[in-house]
Amino acid sequence: MRTAVQIASDVKSGASSAIRELSLSLDAVRARNEELHVFLYIDQEGAREAAARVDAVVAKGDDAGPLAGVPIAIKDNMCQRGVPTTCASKILEGWRPPYSATVIDRLLAAGAVPVGKTNLDEFAMGSSTENSAFGPTRNPLDPSRVPGGSSGGSAAAVAADMTPLSVGSDTGGSIRQPAALCGLVGVKPTYGLVSRYGLIAFASSLDQIGPFAKTVTDAATLLEVLAGHDPLDSTSLPEPSPSLVAHLDDGVSGKRIGVVAELIDGADDEVVGAVHRAMDVLREAGASIVELSIPELRLGLSAYYLIAPAEASSNLARFDGVRYGLRVNADDVAAMNEATRTAGFGAEVKRRIMLGTYALSAGYYDAYYGQALKVRTQMIEAFARAYRDVDLLIGATTPTVAFAFGEKTSNPMAMYLSDVFTIPTNLAGEAALSVPFGTGEAGLPIGVQLLGPGRSEAQLLAAARVLELADGRS
Amino acid sequence: MTLPNGWQMVVGLEVHTELKTASKMFCGCANVFGAQPNTNICPVCLGLPGSLPVLNERAVEFAMAIGLALHSNIAPSTFHRKNYFYPDMPKDFQISQHDLPINVGGYLDLPDASRVSIERAHLEEDTGKSTHLGGTGRLKGADRSLVDYNRSGVPLVEIVSGPDIRSSAQARAYAQELRGILIATGASDGRMEEGSMRIDANVSIRKANAPFGTRCEIKNLNSLRSLQRAIDYEALRQVGLLEGGGTVRQETRHWDENLGETSTMRIKEDADDYRYFREPDLVDLAPDQTWQERVRAGLPPMPAERRQKLSARLSHPTSAQLDAVEVVIDLGLEELVERAVDGGAEVTLAISRAANELAASIDNISNLSSESFTATLLMEQRGELSATQAKTVLCELLALGGDPQAIAVAMGYEQLSSGSLGATVATLIEQHPDEWARFCEGDEKLAQFFVGQVMRLTNGQANGKSVIAELQARR
């Protein structure tokens, strides 16, 4: 399959058309969606209109944008006007938002063609898509295994060549982990780089939208489109979208890269081996590698599982049956709220709402939520100290390659641990990505994680490009 | 009202005021009262999934203006979420300020020279408005509940006083003075009947200098009269409880205006746990010195200063005149008064007519130009209108507008202007030569005879003083 950059170029030159690219994409979706359960909704009509608009712009001789005619898949926790948006939850089944997320508007303005909404763990809570109320997504590389999560559908769409690009959201690793498990490039941008307006919040202070792609260049191209200040999001960074594609070949010469013990320890040997080989490649490309330890990162998982559920317990309060989505009638309003939420939310969502409610309750706040905020501050400071000595950090994205269905569903802690390497970046509000590097068990891909301070996306993508070339891809 | 047996009431007030911004607190929807239900709504104030709040700069400026007028410190502040379920609150949490409000401390001096401390004045968003059909009109037991989200997200400032108030009259004076300040800053229209200013009263009683007693909070008092009555009722209720050997239970109470009594709404022991935490969708709010100074520079004079300025025009003001000044300032009529005085009207007359006749028709005040007001007062001073006639002309002007001279003519007052009064007096002198001769010889009693005759001819519309002046001029 051609890259997004090639497709956009072909559409603009007239060698192809947006309508033709869409129909190729829809063919690929039809071929495997039943088997893999990637899309919760396919927006044929809307996609056709978007593609026709792109072709009309090209026909007029105007610039149709950097993603002209590129089919793209959208994680189903982003609002798109008139298109069912469910968060893979029964509580929102059938709801069609009357407005679009800022990222949707930006994608359309850049010529992209959103083909549909992809599966996820309910409200982005999970690491395998097994928590979707509408059934799990399968890993296109091995359908007996999970694609990761929570953005499993978006990862699978690209891995199955249904769309060359997709958009996910990353609260504790929900882009990087499925990218690693599906052999893709996945970026968790700096908090505030991409507008959250229209992203249905899981944990507002941690959520960030980012790209999935098969190549570093495609990921950078998409991130440039998504990024930039949005007056509708108060936490949006004030700067315009950074220049990323122009720096892709900057390399790593002279860069200091720290390999972090806490971002490797506990990973399978084959994963650790891949990280070591990646270090060698970066060293050969001119970087100096420093071994370091950031002990504070070990506290990340505990802090995350207080902060994220606490925010979620408040963010998900609005699903009360009063205004939209599911309503289960009962004798009075409180009983209706309770019946609706009992029927509408799945087990993991309920678990986190209860956890978060407890963590914020009078008498427990200081011991739990308050303590977690202190850990978060320590983590930010620890990263800042590390970045005084090094430019970037490297580690594993996930402890293992893609795991089998049911392997971790009975033990929430085991599932939570699959995000242990990715969570610290979200707590610190910084940037990180996962890039495929080598393979492990059964030929399944391994993801190497590169981490940097806020707004280091250009450096991260340039380093990822070095690994991508060494890995013999593109 | 004084409480019996040496009991003293301790009152603190929480005043919520809607801010007169063009748009809502966190979105671009119009902030207007009385629109068709659910017409001023958008994804943000409906709390639709994915929507995010963006703080209204004007709301912050109004909050700062209120704080500055109350001598508060403008402090670096944050927003918190106050979490609880209620159908008229679309996110099921309210964005408010918690431990770090924008205005900290301050005080308000009342016209009687007492001072009430201010604890804080913070920003928050209003909820939607529920209407419950069937049952008692409350949520519980209603057949059906309708929600209008037009009010959802309207900016509010909540002003919390210290427990410094010691009588219902002082509470009323505080609320009235605060209302004047809110109107002066432009932050609020102060319309209690439309709910743009709502008051909760915390009431407890104690013996003088004893520690504070257990307090009850009376919710949503929406007129000054209700405020005063509710506080008196509640304080007396607590006296009755304590003197009967009982105790006061900390609770939230509802004021029934018709019954004239408070009743239990909910008991505080099972107070809600609002699970406050920092609103992650907003950034901290710390207005810098430049911004604060800009708001301070834009502040108009506050009621106390305006009262002082107007009272200074009175040489030895009586307490009735000072009360009138308070009314004039309260209703914002001092500009009319000032202009009339500058135009030659007597200051006591201008204040009196403003505090009585204009105050009585304050809703129609826009019908009255300062020129008409001045002209009417001058006609009265010149004797062209009697006091009764001047009042009538002002009422006409307020009701319908127009020109005072024309109104006087239309009312048949025109023959009483000095020319026509002279003609009437001349005729009477001709008809009563004997009485005139005795008056000319110095029998002053006969002046009253002529005044009486003039009154008879003019149906009592003539100005007695003017008649005497006419007689004196001809003697």
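From a predicted model like this one, the values you see are computed outputs, not experimental measurements. (Residues numbered from 1 in each chain as written. Chains lettered and ligands numbered in written order. Predicted model: local features only at pLDDT ≥ 70, side-chain atom pairs only at ≥ 80, totals over all residues. Heavy atoms only, no water.)

**Student:** Help me understand the overall build of chain A, please; the structure alone is not making it clear to me.
**Tutor:** Each helix and strand counted, chain A has 15 helices and 11 strands in total. The globule rule puts the C-alpha radius of gyration for 474 residues at 23 Å, and the 21 Å found for chain A is close to it. Principal axes of the C-alpha set define a box for chain A whose edges measure 65 × 55 × 45 Å. Taking all 474 residues of chain A together, 62% fall into the buried category. Residue pairs at least 24 apart in sequence account for 75% of intrachain contacts in chain A once pairs closer than 6 positions are excluded. (Helix = DSSP H or I, 4+ residues; strand = E, 2+ residues; numbered from the N terminus. Rg over C-alpha atoms; globule rule 2.2 N^0.38 Å. Buried < 20%, exposed > 50% of the residue type's maximum accessible area, 1.4 Å probe, protein only. Contact = heavy atoms within 4.5 Å.)

**Student:** Could you clarify how one ought to interpret the overall build of chain B in this entry?
**Tutor:** Of the regular secondary structure elements, chain B holds 15 helices and 15 strands. Taken over C-alpha atoms, the radius of gyration comes to 29 Å for chain B, far larger than the 23 Å a tight globule of 475 residues would show. By the burial criterion, 51% of the 475 residues in chain B qualify as buried. Counting every atom, chain B has about 21400 Å² of accessible surface; 50% of that belongs to carbon and sulfur. Once the 47 positive and 63 negative side-chain charges of chain B are each reduced to a mean point, those two points are 3 Å apart. (Areas by Shrake-Rupley, 256 points an atom, 1.4 Å probe, with all protein chains shown as cover. Lys, Arg positive; Asp, Glu negative; His and termini not counted. Charge placed at Lys NZ, Arg CZ, Asp CG, Glu CD.)

**Student:** Can you help me understand the side chain of B:T17 in this one?
**Tutor:** Residues and elements named next belong to chain B. Topologically, T17 is positioned in strand β1 (residues 7-18). At a separation of 3.0 Å, a polar atom in the side chain of T17 contacts the side chain of S188. Polar side-chain contacts of T17 include one of 3.4 Å to the backbone oxygen of S196. (Polar contact = N/O pair within 3.5 Å; in protein donor to acceptor, adjacent residues only side chain to side chain.)

**Student:** So what exactly am I meant to see when it comes to the packing of aromatic side chains here?
**Tutor:** Given two aromatic rings, one states the distance between the centres and the angle between the planes to describe the pair. In total, this model carries 22 aromatic pairs over all chains according to the counting rule given. Between A:Y304 and A:Y305, the aromatic rings sit 4.9 Å apart at their centres with planes inclined by 80°, giving edge-to-face as the arrangement. For the residue pair A:Y304 and A:Y305, the accessibility class agrees, reading buried in each case. Among the aromatic residues, those joined into a cluster by ring pairs are A:W95, A:F123, A:F319, A:Y324 and A:F345. Between B:K82 and the ring centre of B:Y274, over which it is positioned, the NZ or CZ distance is 4.4 Å. Here the basic side chain of B:R115 rests over the ring of B:Y107, its NZ or CZ set 3.6 Å away from the ring centre. (Phe/Tyr/Trp six-rings, centres within 6.5 Å; stacked < 30°, edge-to-face > 60°. Lys NZ or Arg CZ within 6 Å of the ring centre and 35° of its normal.)

**Student:** Explanation requested: unusual backbone geometry in the structure shown.
**Tutor:** Trans is the prevailing form of peptide bonds, just as negative phi is the prevailing case for residues other than glycine. A:S150 follows A:G149 through a cis peptide bond whose omega is 10°. Residue position: A:S150 is located in the loop between β3 (113-118) and α5 (152-159). A positive phi is found at A:H37, a non-glycine position, where the angle reads about 55°. In this fold, A:H37 is placed in the loop between α2 (18-36) and β1 (39-42). Overall, A:H37 belongs to the partly exposed group, its relative accessible area being 21%. Backbone geometry places B:N5, a non-glycine residue, at a positive phi of 55°.

**Student:** Help me out: how do you make sense of the packing of helix α8 (residues 347-360) of chain B against helix α10 (residues 387-400) of chain B in this one?
**Tutor:** Between two packed helices, the angle of one axis relative to the other and the distance separating the axes together describe the packing. All names here are of chain B. Contact pair α8 / α10: the axes reach a minimum separation of 10 Å and the direction vectors enclose 50°. Considered as vectors, α8 and α10 are oriented oblique to each other. Crossing of α8 against α10: the hand is right-handed. In contact with R353, E357 and L358 of α8, α10 contributes A387, K391, L394 and L398. Classifying every residue of the contact of α8 with α10 gives 4 nonpolar, no polar and 3 charged. (Axes fitted to C-alpha atoms, helices over the stretch in contact; angles between N-to-C directions. Parallel < 35°, antiparallel > 145°, perpendicular 65-115°, else oblique. Left-handed = near helix turned anticlockwise from the far one by under 90°. Nonpolar A, V, L, I, M, F, W, Y, C, P; charged D, E, K, R; others polar.)

**Student:** Looking at this structure, how should I read the sheet that holds β1(A)?
**Tutor:** Hydrogen bonds along the backbone pair up the strands of a sheet, which may run parallel or antiparallel. Residue and element names in this part refer to chain A. Strand order in the open sheet made by the 11 strands is β1-β3-β2-β4-β6-β5-β10-β11-β9-β7-β8, with mixed pairing throughout. Of all strands in the sheet, those bounded by a partner on one side alone are β1 and β8 (288-292). The average undirected angle you get between the axes of adjacent strands in this sheet is 25°. Relative to β3, strand β2 (residues 71-75) is paired through 5 bridges, and the arrangement is parallel. Each bridged residue has a counterpart across the sheet, and for K75 the counterpart in β3 is T118. In this fold helix α4 (residues 102-109) packs onto β2, β3, β4 (165-169) and β6 (209-213), with an angle of close to 180° to the strand it touches most, β2. Its contacts with the sheet put helix α15 (residues 457-470) on β5 (185-188), β9 (392-396), β10 (431-439) and β11 (445-452), and the angle it makes with β10 is roughly 0°. (Pairing = 2+ DSSP bridges.)

**Student:** Explain the interface of chain A and chain B here, please?
**Tutor:** How big an interface is tends to be reported as the loss of accessible area on association of its parts. On the chain B side, the residues contacting the 39 residues of chain A number 30 residues. Taken as a group, A:S234, A:R318 and A:R323 account for 23% of the area that chain A buries against chain B, more than any other trio of residues on that side. Scanning the region where chain A abuts chain B turns up 2 salt bridges. Salt-bridge contacts for B:D281 lead to A:R196; the nearest nitrogen and oxygen are separated by 3.0 Å. Connecting chain A to chain B are 15 residue pairs in polar contact (both at pLDDT 80 or more). When residues of the side of chain A that touches chain B are traced back to their parent elements, those giving at least two are α9 (300-315), α10 (333-344) and α11 (347-360) of chain A. With 5 residues, the single largest contributor to the side of chain A that touches chain B is α9(A). Looking at side-chain class alone, the side of chain A that touches chain B contains 21 nonpolar, 11 polar and 7 charged residues. (Buried area = accessible area lost by both parts, 1.4 Å probe. Salt bridge = Lys/Arg side-chain N within 4 Å of Asp/Glu carboxyl O.)

**Student:** Is there a simple way to explain the state of the cysteines in this structure?
**Tutor:** Joining two cysteines, a disulfide is a covalent bond between their sulfur atoms. Residues and elements named next belong to chain A. Applying the stated criterion across every chain, the model contains 0 disulfides over all chains. Sulfur of C87: no disulfide; nearest cysteine sulfur belongs to C79 and is 7.6 Å away. Taking the relative accessible area as the measure of exposure, C87 reaches 0% and is therefore buried. (Disulfide = S-S within 2.5 Å.)

**Student:** For this particular structure, what's the right way to read the packing of helix α9 (residues 370-381) of chain B against α10(B)?
**Tutor:** Residues and elements named next belong to chain B. Interaxial distance between α9 and α10 falls to 9 Å at its minimum, and their mutual angle equals 165°. Taken together, the axis directions place α9 and α10 in an arrangement best described as roughly antiparallel. Note on packing geometry: the crossing formed by α9 with α10 is right-handed. Between α9 and α10, the residues in contact are S372, F373, T376 and E380 and A387, A390, V393, L394 and L397, respectively. Taken together, the residues of the contact of α9 with α10 break down into 6 nonpolar, 2 polar and 1 charged.

**Student:** What exactly am I supposed to notice about the pairing of strand β14 (residues 261-267) of chain B here?
**Tutor:** Side-chain direction in a regular strand flips from residue to residue, so the side chains alternate between the two faces of the sheet. Residue and element names in this part refer to chain B. Pairing of strand β13 (residues 251-256) with β14, which is carried by 6 bridges, proceeds in the antiparallel orientation. Paired with W255 across the two strands is T262, which belongs to β14. From the end of β13 to the start of β14, which pair antiparallel, there are 4 residues, and G260 there has a positive phi angle of about 70°.

**Student:** Would you take a moment to explain the pattern of salt bridges for this structure?
**Tutor:** Close approach of charged atoms allows side chains of opposite charge to pair. In this structure the tally under the stated criterion is 57 salt bridges over all chains. Each of A:R196, A:D233, B:R81, B:E279 and B:D281 takes part in one network of salt bridges that share partners.

**Student:** What exactly am I supposed to notice about α11(A) here?
**Tutor:** Taking 1.5 Å per residue as the helical rise, α11(A) with its 14 residues ought to reach 20 Å, and the 20 Å between its terminal C-alpha atoms agrees with that figure. Inspection of α11(A) places A:E348, A:V349, A:R352, A:I353, A:G356, A:A359 and A:L360 among the buried residues, and these make up the whole buried set. Along the axis of α11(A), the buried positions cluster into a sector of 135°, meaning they face one direction only. Of the residues in α11(A), the exposed ones pointing more than 90 degrees away from the buried face are A:A347 and A:M354. Buried residues along α11(A) sit against α9, α10, α12 (366-389) and α13 (412-417) of chain A together with β15 (277-278) of chain B. (Expected span 1.5 Å × (residues − 1). Arc of directions from axis to C-beta.)

**Student:** Can you walk me through the confidence of the model for chain B in this structure?
**Tutor:** In low-pLDDT segments, the atomic positions of the prediction should not be examined closely. Mean pLDDT over chain B stands at 92; residues scoring 70 or higher make up 98%. Confidence metrics for the complex model read pTM 0.90 and ipTM 0.96. (pLDDT = per-residue confidence, 0-100.)

**Student:** Before we go on, may I ask you to explain helix α4 (residues 289-297) of chain B in this structure?
**Tutor:** An α-helical turn contains 3.6 residues, so any two residues separated by three or four positions project in the same direction. Residue and element names in this part refer to chain B. Every buried residue belonging to α4 is among W291, Q292 and V295, and all of these are buried. The buried side chains of α4 occupy one side of the element, clustering within an arc of 100° when seen end-on. Facing away from the buried side of α4 by over 90 degrees, the exposed positions are Q289, T290, R294 and A297. Looking at the buried side of α4, the elements it contacts are α1 (57-69) and β2 (73-74).

**Student:** So what exactly am I meant to see when it comes to the environment of A:L181 here?
**Tutor:** Residues and elements named next belong to chain A. Among the structural elements, L181 can be located in helix α6 (residues 176-182). Sequence separation between L181 and P445 is 264 residues; the distance between their C-alpha atoms is 6.3 Å. Beyond its immediate chain neighbours, meaning those up to four positions away, L181 contacts N139, L141, V146, P147, G148, T398, T400, V401, A402, F403 and P445.

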